[in-house]
Amino acid sequence: MTRSKNIAILGSTGSIGQNALAVVRTLPGFNVFGISGHLRLDLLVQQAIEFEPEYVVATDLEGANEFEFPRLSASKFEVGPEKLISLAAHEQV
């Protein structure tokens, strides 16, 4: 039995982050535990719906305060650049 490896994709809405998620889609054995984005919050929400991560971090305080995040039962939304540290250092990643 293969165990899934939890990963966090910081900057998942950028080009490298999107490519990383494209790779994850094709490879078994990876669970997207967390994602983060800065300005492209619509895309961040789409990724959260698709991958159902435990944590979703929006780093742009001003933009996130004006954005209406949907209620996603599988994900916990957090706001602020300092939340990236918590996500990257999470014991499950």
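Just above sits the structure.
Description of the structure in this document. (Residues numbered from 1 in each chain as written. Predicted model: local features only at pLDDT ≥ 70, side-chain atom pairs only at ≥ 80, totals over all residues. Heavy atoms only, no water.)

1. What about the pattern of salt bridges?
Where side chains of opposite charge bring their charged atoms close, a pairing between them can arise. This model, assessed by the stated rule, comprises two salt bridges. Of the charged contacts in the structure, one is a salt bridge between Arg-25 and Glu-50, with a shortest N-O distance of 2.6 Å. With Arg-25 in helix α1 (residues 15-26) and Glu-50 in helix α2 (residues 41-51), this residue pair connects regions lying 25 residues apart in the sequence. Taking the relative accessible area as the measure of exposure, Arg-25 reaches 47% and is therefore partly exposed. You can call Glu-50 partly exposed: its relative accessible area is 44%. Residues Lys-76 and Glu-78 are paired through a salt bridge, measuring 3.2 Å at the closest nitrogen-oxygen approach. On the basis of relative accessibility, which here comes to 44%, the residue Lys-76 falls in the partly exposed class. (Salt bridge = Lys/Arg side-chain N within 4 Å of Asp/Glu carboxyl O. Helix = DSSP H or I, 4+ residues; strand = E, 2+ residues; numbered from the N terminus. Buried < 20%, exposed > 50% of the residue type's maximum accessible area, 1.4 Å probe, protein only.)

2. Things to note about the sheet that holds strand β2 (residues 30-37)
Backbone-to-backbone hydrogen bonds join strands into a sheet, with any given pair of strands oriented parallel or antiparallel. The sheet built from four strands is open, its strands ordered β1-β2-β3-β4 with parallel pairing. In this open sheet, the two edge strands, each paired with only one partner strand, are β1 (5-9) and β4 (76-79). Strand-to-strand twist in this sheet, taken as the mean axis angle between neighbours without regard to direction, amounts to 20 degrees. Two strands pair when backbone bridges link them, and β2 and strand β3 (residues 55-58) are joined in this way by four bridges, in the parallel orientation. (Pairing = 2+ DSSP bridges. Axes fitted to C-alpha atoms, helices over the stretch in contact; angles between N-to-C directions.)

3. Remarks on the packing of α1 against α2
Close contact between α1 and α2 brings their axes to 13 Å; oriented N to C, the two are set at 15 degrees. Relative to α2, the element α1 lies roughly parallel. For the crossing formed where α1 meets α2, the hand is left-handed. Contacts between α1 and α2 involve Gln-18, Leu-21, Val-24 and Arg-25 from the former and Leu-43, Gln-47, Glu-50 and Phe-51 from the latter. Here the residues of the contact of α1 with α2 sort into four nonpolar, two polar and two charged. (Parallel < 35°, antiparallel > 145°, perpendicular 65-115°, else oblique. Left-handed = near helix turned anticlockwise from the far one by under 90°. Contact = heavy atoms within 4.5 Å. Nonpolar A, V, L, I, M, F, W, Y, C, P; charged D, E, K, R; others polar.)

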